[in-house]
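Coordinate inspection notes
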Amino acid sequence: MYNTLLTELSNNIFIITVNRPDKLNALNKTVMEELSAAIDEVYNNNEIKSAIITGAGTKSFVAGADISEFVGLSAEQGKALAKKGQDIYFKIENAPKPIVACINGFALGGGCELAMSCHFRIASDNAKFGQPEVNLGIMPGYGGTQRLTQLIGKGRALELLMSGNMIDANTALQYGLVNYVVAQDELLGKAKSILAVINSKAPVAVTNCITAANAVFGTKVSYTSKVSDTFANGFELEVELFGKCFETEDVKEGTSAFLEKRKPNFLGR
Ligand code: COA
């Protein structure tokens, strides 16, 4: 179905693998278009409860935007490229279902930015992270200056952004860029086991957690709920979304199940 992605759905978890290993899974125009379409599947396919994004092979998650497509771009074309990339990554960040990055090697430039647009990250012990755009005379354009600063703080972010230096998986763990570091053959298993837990929870409540957490950062584009545009800050939005949880059947099921000492059977409404 896709030329540059492999996709697989099992146990309600959709695995999207960027599949250009000979180019270290660099993001060319086709990959970006297909990634956008695959995320649409996450939004629209009711069989999908959560997703994983990873890279093919053992060496690289995604080694950045495809540098060969930068040659000869005008300022206007550069802006359009960044805008398109940002929109796709906003779609990931605002997805109504959890999307986890499994970083199996290099996560550089647009690859690090892709990982950061996911809801959380797990790395294999060979992973390397960096924003090496300055080596090319450019800067991150797919949200990297914003999300890296959000995730690891301004001082650490600016050091990485301005130097182009890479950090290893354990440093990324220490910085809070990733939640876990595991052996490469345990990477997908680790993500699947966490997602199995999340998938057993009430879906509307899970979606509302994503929307409210994103509001901390004033994420402008909301695909999950128009509601986030109308609130001054994340605290107000949290109040609204908390209230909305009580409109669901799942809150009745969840509270009854607890009081009746049984497992809840959530229906997602
Ligand atoms: N865009 C286009 N092609 C890329 C790429 C990218 N971002 N990253 C790697 N590739 C290609 C290489 O050109 C090479 O292709 P070739 O075999 O046809 O020559 C292939 O992937 C393998 O990469 P190579 O550089 O030979 O591997 P390496 O192990 O020596 O180095 C990296 C690995 C990641 C350090 C190096 O590839 C690199 O610096 N990549 C660019 C990273 C970057 O600047 N990303 C941000 C872009 S905005």
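All chains use their own residue numbering, which begins from 1 and follows the written sequence. Given that this is a predicted model, residues contribute local features only at a pLDDT of at least 70 and side-chain atom pairs are listed and counted only at 80 or more, while totals for whole chains, interfaces and linings are drawn from all residues. Excluded from the side-chain calculation are hydrogens and water; included are all heavy atoms of the structure.

Concerning the site of the ligand
For clarity, the threshold we go by: Only a single heavy atom is needed: when it lies within 4 Å of a molecule or strand, its residue is near that molecule or strand. Think of a polar contact as two N or O atoms within 3.5 Å of one another; within protein, one of them needs to be a possible hydrogen donor and the other a possible acceptor, and neighboring residues in sequence only count if both atoms come from side chains. The Shrake-Rupley method, run with a 1.4 Å probe sphere, supplies the accessible areas, and residue values consider only the shown protein chains as cover. As a working rule, the residues Ala, Val, Leu, Ile, Met, Phe, Trp, Tyr, Cys and Pro are called nonpolar, Asp, Glu, Lys and Arg charged, and the rest polar, with Gly in that last group.
Taken together, 16 residues form the shell around the ligand, and within it Lys-23, Lys-59, Ala-63, Ala-65 and Ile-67 come nearest. Residue Ile-67 places a main-chain N or O atom 3.0 Å away from a nitrogen atom belonging to the ligand. For the ligand, whose unbound accessible area comes to 860 Å², protein coverage reaches 59%. A class-by-class count of the residues in the shell around the ligand yields ten nonpolar, one polar and five charged.

Some details on the packing of aromatic side chains
Any two aromatic rings considered together are summarised by their centre-to-centre distance and by the angle between their planes. To keep it simple, the criterion reads: Here the aromatic set is Phe, Tyr and Trp, taking the six-membered ring for Trp, and pairing holds for ring centres within 6.5 Å; pairs whose planes are under 30 degrees apart are stacked, those over 60 apart are edge-to-face, and all others are tilted. Numbering of helices and strands runs from the N terminus; a helix is a DSSP stretch of H or I covering at least four residues, while a strand is a stretch of E covering at least two. Think of it in three bands: with a 1.4 Å probe and only protein chains considered, a residue is buried below 20% of the maximum accessible area for its type, exposed above 50%, and partly exposed in between. The rule for a charge over a ring is simple: NZ of Lys or CZ of Arg within 6 Å of the ring centre, and within 35 degrees of the ring normal.
One pass over the full model with this rule turns up two aromatic pairs. Their ring planes at 85° and their centres at 5.5 Å tell us that Tyr-89 and Tyr-142 sit as a pair that is edge-to-face. One end of the pair, Tyr-89, is in helix H2 (residues 75–93); the other, Tyr-142, is in the loop between strand E8 (128–130) and helix H4 (144–152), with 53 residues separating them in the sequence. In this pair, the class of Tyr-89 matches that of Tyr-142, namely buried. Centre to centre, the rings of Phe-242 and Phe-246 are 5.3 Å apart; their planes meet at 65°, and the pair counts as edge-to-face. In this structure, Arg-147 packs its charged tip against the face of Phe-90, placed 5.5 Å from the ring centre.

Digging into the packing of helix H8 (residues 203–215) against helix H9 (residues 234–245)
Quick note on the threshold: To define axes, lines are fitted to C-alpha atoms, for helices over the stretch in contact only, and angles between the resulting N-to-C directions are given on a 0 to 180 degree scale. Any angle that falls under 35 degrees is termed roughly parallel, while one over 145 is termed roughly antiparallel, one within 65 to 115 roughly perpendicular, and all others oblique. Any two residues whose heavy atoms approach within 4.5 Å are treated as being in contact.
Running from amino to carboxyl end, H8 crosses H9 at an angle of 170°, the nearest separation of the two axes being 9 Å. Between H8 and H9, the angle falls in the class roughly antiparallel. Contact with H8, carried on its side by Ala-205, Asn-208, Thr-211, Ala-212 and Ala-215, involves Gly-234, Leu-237, Glu-238, Leu-241 and Cys-245 of H9 and no other residues of that element. For the contact of H8 with H9, a count of residues per class yields six nonpolar, three polar and one charged.

Quick look at the packing of H4 against helix H5 (residues 154–163)
Quick reminder of the rule: Should the near helix be turned anticlockwise from the far one by less than a right angle, the crossing is termed left-handed; should it be turned clockwise, right-handed.
At a closest axis distance of 7 Å, the pairing of H4 and H5 adopts a crossing angle of 140°. By the criterion of interaxial angle, the relationship of H4 to H5 is oblique. Relative to H5, H4 is oriented so that their crossing is right-handed. Between H4 and H5, the contacting residues are Gly-144, Thr-145, Leu-148, Thr-149 and Ile-152 on the first element and Lys-154, Arg-156, Ala-157, Leu-160 and Leu-161 on the second. The residue inventory of the contact of H4 with H5, partitioned by class, reads five nonpolar, three polar and two charged.

Some words on H8
Threshold: Expected helix span is taken as 1.5 Å per residue step, with the number of steps being one fewer than the number of residues.
With 13 residues, H8 ought to run about 18 Å at 1.5 Å a step, and its terminal C-alpha atoms sit 19 Å apart, in line with that. Buried positions along H8 lie against H2, helix H7 (187–199) and H9.

Points about the sheet that holds strand E2 (residues 13–18)
Here is the rule: DSSP bridges decide pairing: two strands pair if at least two such bridges lie between them.
Pairing is mixed in the open sheet, where six strands are placed in the order E1-E2-E3-E5-E7-E10. With partners counted over all chains shown, the strands left at the sheet margins are strand E1 (5–10) and strand E10 (180–182), one partner each. Strand-to-strand, the axes of this sheet are offset by a mean angle of 20°, without reference to chain direction. Relative to strand E3 (residues 50–55), E2 runs parallel, the two being bridged by six bridges. If you follow Val-18 over to E3, its bridge partner there is Gly-55. The sheet contacts of helix H1 (residues 29–44) involve E1, E2, E3 and strand E5 (99–103), and relative to E2 the element is tilted by about 180°.

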